[in-house]
Amino acid sequence: MAPKLPPQLPPQNRVEQAGDASGTAGHADAGYHHGPKGLLRWLLTTNHKEIGTLYLIFSLSMFFIGGIFALVVRAELFQPGLQLVQPEFFNQMTTMHGLIMVFGAVMPGFVGLANWMIPLQIGAPDMALPRLNNFSFWLLPVAFTLLLSTLLMPGGGPNFGWTFYAPLSTTYSPPSTTFFILSLHMAGISSILGAINIIATILNLRAPGMRMMDMPLFVWTWLITAFLLIAVMPVLAGVITMMLLDINFGTSFFNAAGGGDPVMFQHIFWFFGHPEVYIMILPAFGIVSAIIPTFARKRLFGYASMVYATSSIAILSFLVWAHHMFAVGLPLVAELFFMYTTMLIAVPTGVKVFNWIATLFQGSISFETPMLFALAFVVLFSIGGFSGLMLAIAPADFQYHDTYFVVAHFHYVLVPGAVFAIMAAVYYWLPKWTGHYPNERLGRWHFWTSVVGVNLTFFPMHFSGLAGMPRRIPDYALQFADFNMASSIGALLFGTSQLLFVLMIIKCVRGGEKAPAKAWDGAVDLEWTVPSPAPLHTFETPPRFQHQEH
Amino acid sequence: MSGSYYVPPQSKWPALGSLALGVMMVSLGMQLVHGTGGLVMTLGMAAVLAVMWLWFRDVVRESRQGLYDAQMDRSFRWGMGWFIFSEVMFFAAFFGALFYVRVFAVPWLDGEGAKGVAALLWPDFTASWPLMNPPSDAISGPREVVSPWQLPLVNTIFLVTSSVTLTIAHEALKEGYRKTTRNWLIGTVLLGGCFLVVQGIEYYEAYHHYGITLQAGIYGSTFFLLTGFHGAHVTIGAITLAVMLMRVMQGHFSREDHFGFEAAAWYWHFVDVVWIGLFIFVYVF
C-alpha cells in the first residue's frame, strides 16, 4: 500500500497549530457537536463532512437510478426492432437518464467532494455558511423525488431529451412538464446557494498565510466552477420560467406564431448549457491535479499555468454556446465565430494535459487505484476532447449533428472524464473519510472492468454515429446492429461493475487496513495533516499555513 | 483572522424550509396542471415565508448577542454580493431574450438576413417593434403601447428618488442620527409602495385599455416577463427594507456594524438599476 520512499519527495506544506492538529480537544463552544442522534442528526446537520457524505450518498443513488434508465435504453437497442419498451417510454428513459446523471449524479457528486475537502484543504473549520449548506443539500431529495415522480404521472414524464428543446418541451410536451420545471427550479436554487457558499468559503476562510496561489488546484477549480454556477444557473431558471409561461399562460417566447422563436430557446439553454459542461469537468481537473503529483511523487508541473488555463476555459465557455446549434440555421458569421472560439478551448485544455504528462515525466510512479482512475481520465478524456474538436468544425458538424458520434463524444468526457474523476477522488480520499485504505484488489477489479466496459460501450458509438445513426431513436437500420450489440454488452458490464464500487465503499467504511494521517506518501495538501478518519471538527483554531514554492 | 472561528449551531429551519418549498412547488404544479391545490399552495407559500422569518430571526438574535466576528461578517458580504450577481444573471437572461427577439427573431420572420426562410411561414407578416401584429392571425397583438413619459416616468422618478433617500438614511445611520435614519427609511419604503401601486395601475390599463396581455404575442410576453419579475423584486426589496425599518426602530444596528441594513440597501440599488434598464429598453426604445 505504501511503497518505499522515493528519492524526490516534494516539499510538504506545513501547518503549525496550537494544541493538537485535529483541534478536537479543548473547545467549549455551545454544544453544537452534541446535536440530535439518528435521522434528525442528518436532517439538521450543519457539519461540512456530514453534508458532504449526504451529497455523495445522494449522488451515488442517483448514479444507479440514472444507470438503470441507461440500461433500459441499451437493452432496447441491443437489437434492431422494438423489443422491450414503447417508443414513448424509450424517450422518457433517454431524457430522465440525462437529467438524473447531469443534475443528480455528477453535479452533487462534485459538490459533495467540495463540501468534504475544501474546508480541509484550506484549513477552515467548516463551510462559511453552514445552515445554507444544509438547505442546499435537502432541496435535492425533494427536487429529485418530484422529478422522478413525473414518470408516474398521466402522459408520462419528460420525453423531449435532457436539453428539452422547445417546442417539443412546450407545445407538444406531456402535462408533467410543469412539475419537471418546478423540480429543476429547486435543483437550481440548491446549486446557486451551494456555489455561493463555496465561493464565500474559499475567499474568506483560508488559513492565515495561505494566498490564492497557494491553494490546491481542487480548490481553485471549484472556485471557478462556483463562479460558473452562479453565472449560469439563473439563466437556466430564466429559460425554464419562459417555458412555464409558454405552457401555462399562453405567452409566445418560443412560438413563432406570436413573434417568438423556438431557436431562442436553444440559445438561452446553451448559454447555460455550455458553461454547465465545464461545471461538470473543471472540478475533475482539480482532482486529477491532486492525484497525479501524489502518485508520481513530484510537484505538479506548471501550477500557475493550470490556474490560468482553468480561468481561460471558464471565460471561453461563455463564448461558444452556439456550437451546439450549427445545424439549426445560424447566420454564417455566427457559424464561423462559434467554430473558432470552440477550437480555442483546445489551447488551455492542451496546457492541462501537457502539465499532467510533464508531472509524470521522471516521476516515481506507483499505480494505486486512485492513480489508475486518474491516468485513465487523462487518456480517455483526451479522446473525448479530440472528438469535440472534430465536432467543432462547423461544416463537419452538419454530418455529425444529432448522431451517435455526439453521444460518444459527450459520454467520453462525462463518464471516463467526470465520473472517473469522482471515483478517483473517492479512492483517493476514502482513507481520510473512513480511516481505512480501500481494498486495493477490489479497486483494481472495479477499475479494469469499468475501463473495458466504458470503452466497449462508447467507442463503437463513434462508428455508428459517423455512419449516420441518429440519437434518441428506439429502432435503427440493420447495418448498425453489431455496433449496438457491442455497446449494449459494454453498458451491462460497466453498470454491473459499479456494484464492485459499492462493495468497496461498504468494506472500506466497515474496516480495512488502517490509514495514517498522511495516507499517501506523496501527498502534500493540508487535509493530510489531520488524523484519519478526519474528526468531525477540524481546524477549529486557524492553522498557520507556510507557503511553499510550487 | 486570529483566535478561533465562529461556527453557528444547528437549526431546524433549513430542513423545514426545503420541505415547505417542496410543498409549495408541488401544489403550484397541481394548481397549474390540474386546477386544484390553490389552498395548499397558499399554505406552502406561507410556510416558506414563516421559515424565512424564523431563520432570519435566529440570525438577527445571534448577531445581537455579539456571536459573529469580523470573519462571519465578511462571509455574509460575499454571500449577499454573489447572490445579487446571480439575480443579475437571471435578469440578463430576460434582457437577452428581449434583444434576441427585437434584433433577430422578428426581423427574420419578415425575411431579413441571408437565410430568410422564416419569411415563408407568414408571407404577409411585417416586422415592427413594438410588435402590434404577430405573424399568426390566431394571436391578436396589443392595440396600443404604454407611453414611457407617463406612468413609467413617474415610476422612474419614484425609484431613483428612493435610492437617494435610502442613501441618506444609510449615511445618517453611520453618523448615529437614528431618527433621521428612521424617517428617510420610511420615505424609501413608501416610495417603493408607490411604485408598486403605479405599476398595478399600469398593468390594469395595459390589460383593459391597451390589449397588452400575456397572450398578445411576443411584445406582451417580454413586457410582462421583465416588468413582472422586476415588480416581484421590488416587492421583496420593499419588504426587506420594511424589516430593516422595524429593526432600526427597535434599536438594532450600530454606527459601524449594520450589515443587514447594507445588504437590503445593496439589493434595493440593484433593483433600481434593473429598472433603469427596463425603462430604456422596454419603454423608451
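1. A few points about the packing of helix 8 (residues 282–296) of chain A against helix 12 (residues 369–392) of chain A
Residues and elements named next belong to chain A.
Then step 1. Two elements in contact, helix 8 and helix 12, have axes separated by 9 Å at closest approach and are oriented at 125°. Taken together, the axis directions place helix 8 and helix 12 in an arrangement best described as oblique. Of the two possible hands of crossing, helix 8 and helix 12 adopt the one that is left-handed. Between helix 8 and helix 12, the residues in contact are Ala284, Phe285, Val288, Ile291, Ile292, Phe295 and Ala296 and Pro370, Met371, Ala374, Phe377, Val378 and Phe381, respectively.

2. Focus on the domain arrangement of chain B
All names here are of chain B.
Then step 1. Along its sequence, chain B is organised into domain 1 (1–68) and domain 2 (69–284).
Then step 2. The straight-line distance from the C-alpha centre of domain 1 to that of domain 2 is 25 Å.
Then step 3. A combined buried area of about 860 Å² lies between domain 1 and domain 2, and 62% of that area is made up of carbon and sulfur atoms.
Then step 4. Remark: the boundary between domain 1 and domain 2 carries zero residue pairs in polar contact (both at pLDDT 80 or more).
Then step 5. Class assignment of the residues belonging to the side of domain 1 that touches domain 2 gives a composition of eight nonpolar, one polar and one charged.

3. Describing the nonpolar core
All names here are of chain A.
Then step 1. In this structure, Phe103 and Phe164 are the most contacted members of the largest nonpolar core, which totals 263 residues.
Then step 2. In terms of residue count, helix 6 (residues 217–249) provides more of this core than any other element does, 23 residues in total.
Then step 3. Setting aside chain neighbours within four positions, we find Phe103 in contact with Pro108, Phe144, Trp162, Leu184, Met233, Leu236, Phe272 and Glu276.

4. Some thoughts on the environment of Trp528 of chain A
All names here are of chain A.
Then step 1. Here Trp528 lies in the loop between helix 16 (481–510) and strand 2 (544–546).
Then step 2. Put simply, Trp528 and Trp429 are 99 residues apart on the chain and 9.6 Å apart in space, counted from C-alpha to C-alpha.
Then step 3. Once residues within four sequence positions are removed from consideration, Trp528 is found in contact with Tyr428, Trp429, Lys432, Ala517, Lys518, Ala519, Trp520 and Ala523.

5. Examining the pattern of salt bridges
Then step 1. Counting across every chain of the model gives ten salt bridges over all chains.
Then step 2. The salt bridge involving Arg211 of chain A is made with Asp214 of chain A; its shortest N-O contact spans 3.4 Å.
Then step 3. For Asp214 of chain A, a relative accessible area of 3% puts it in the buried group.
Then step 4. In this structure, the salt-bridge partner of Asp402 of chain A is Arg471 of chain A, at a minimum N-O distance of 3.7 Å. You can see Asp402 of chain A sitting in the loop between helix 13 (394–400) and helix 14 (404–434) and its partner Arg471 of chain A sitting in the loop between helix 15 (440–466) and helix 16, a full 69 residues away along the chain.
Then step 5. Among the residues examined, Asp402 of chain A registers a relative accessible area of 36% and is labelled partly exposed.
Then step 6. Each of Asp73, Arg77 and Glu262 of chain B takes part in a single network of salt bridges with overlapping partners.

6. Description of empty space enclosed by the protein
Residues and elements named next belong to chain A.
Then step 1. Within the structure shown, the criterion is met by seven cavities of 30 Å³ or more.
Then step 2. Volume-wise, the second largest cavity comes out at about 180 Å³.
Then step 3. Lining the second largest cavity we find 19 residues, and of these Met107, Pro108, Val111, Ser190 and Ser191 sit closest to its centre.
Then step 4. Listed by contribution, the elements that provide at least two residues to the lining of the second largest cavity are helix 3 (87–122), helix 5 (177–204) and helix 6.
Then step 5. At seven residues, helix 5 tops the list of elements feeding residues into the lining of the second largest cavity.
Then step 6. Split by residue class, the lining of the second largest cavity holds 14 nonpolar, five polar and no charged.

7. Some points on the side chain of Ser18 of chain B
Then step 1. Relative to the helices and strands, Ser18 of chain B is located in helix 1 (residues 13–34).
Then step 2. For Ser18 of chain B, a relative accessible area of 2% puts it in the buried group.
Then step 3. Those residues in contact with Ser18 of chain B, other than ones at most four positions away along the chain, are Phe135, Trp138, Leu139 and Val142 of chain A.

8. Details of helix 2 (residues 38–64) of chain B
Every α-helix winds through 3.6 residues per turn, so residues three or four apart in the chain are directed the same way.
Then step 1. Compared with the 39 Å implied by 1.5 Å per residue over 27 residues, the 39 Å span of helix 2 of chain B between its first and last C-alpha is a close match.
Then step 2. Taken together, the buried residues of helix 2 of chain B touch helix 4 (130–149) of chain A together with helix 1 and helix 6 (217–249) of chain B.
Then step 3. Looking one or two residues beyond helix 2 of chain B, the residue adopting positive phi is Gly66 of chain B, at roughly 75°.

9. A word on the interface of chain B and chain A
Then step 1. Across the boundary between the two partners, chain B contributes 64 residues, which contact 76 residues of chain A.
Then step 2. Inspection of the chain B/chain A interface yields one salt bridge.
Then step 3. Between Glu62 of chain B and Arg131 of chain A there is a salt bridge; the shortest N-O distance is 2.5 Å.
Then step 4. In this structure, the connection of chain B to chain A is made through ten residue pairs in polar contact (both at pLDDT 80 or more).

10. Here's the deal with helix 9 (residues 303–316) of chain A
Residues and elements named next belong to chain A.
Then step 1. If you check helix 9, its first and last C-alpha atoms are 20 Å apart, about what 14 residues at 1.5 Å a residue would give, namely 20 Å.
Then step 2. Those residues of helix 9 that fall on the buried side of the exposure criterion are Tyr303, Met306, Val307, Ala309, Thr310, Ile313, Ala314 and Leu316.
Then step 3. Tucked inside the fold, the buried residues of helix 9 contact helix 6, helix 7 (262–279), helix 8, helix 10 (332–344) and helix 11 (346–360).

Quick notes on the rules
Residues numbered from 1 in each chain as written. Chains lettered and ligands numbered in written order. Predicted model: local features only at pLDDT ≥ 70, side-chain atom pairs only at ≥ 80, totals over all residues. Heavy atoms only, no water. Axes fitted to C-alpha atoms, helices over the stretch in contact; angles between N-to-C directions. Helix = DSSP H or I, 4+ residues; strand = E, 2+ residues; numbered from the N terminus. Parallel < 35°, antiparallel > 145°, perpendicular 65-115°, else oblique. Left-handed = near helix turned anticlockwise from the far one by under 90°. Contact = heavy atoms within 4.5 Å. Domains from an automatic or database assignment. Buried area = accessible area lost by both parts, 1.4 Å probe. Polar contact = N/O pair within 3.5 Å; in protein donor to acceptor, adjacent residues only side chain to side chain. Nonpolar A, V, L, I, M, F, W, Y, C, P; charged D, E, K, R; others polar. Core = buried A, V, L, I, M, F, W, Y, C linked by side-chain atoms within 4.5 Å. Buried < 20%, exposed > 50% of the residue type's maximum accessible area, 1.4 Å probe, protein only. Salt bridge = Lys/Arg side-chain N within 4 Å of Asp/Glu carboxyl O. 1 Å grid on protein atoms, 1.4 Å probe; cavity = no way out; pocket = protein on both sides within 12 Å on 5 of 7 lines; lining within 4 Å. Points joined across faces, edges and corners; volume = space filled by probe spheres on them. Expected span 1.5 Å × (residues − 1).

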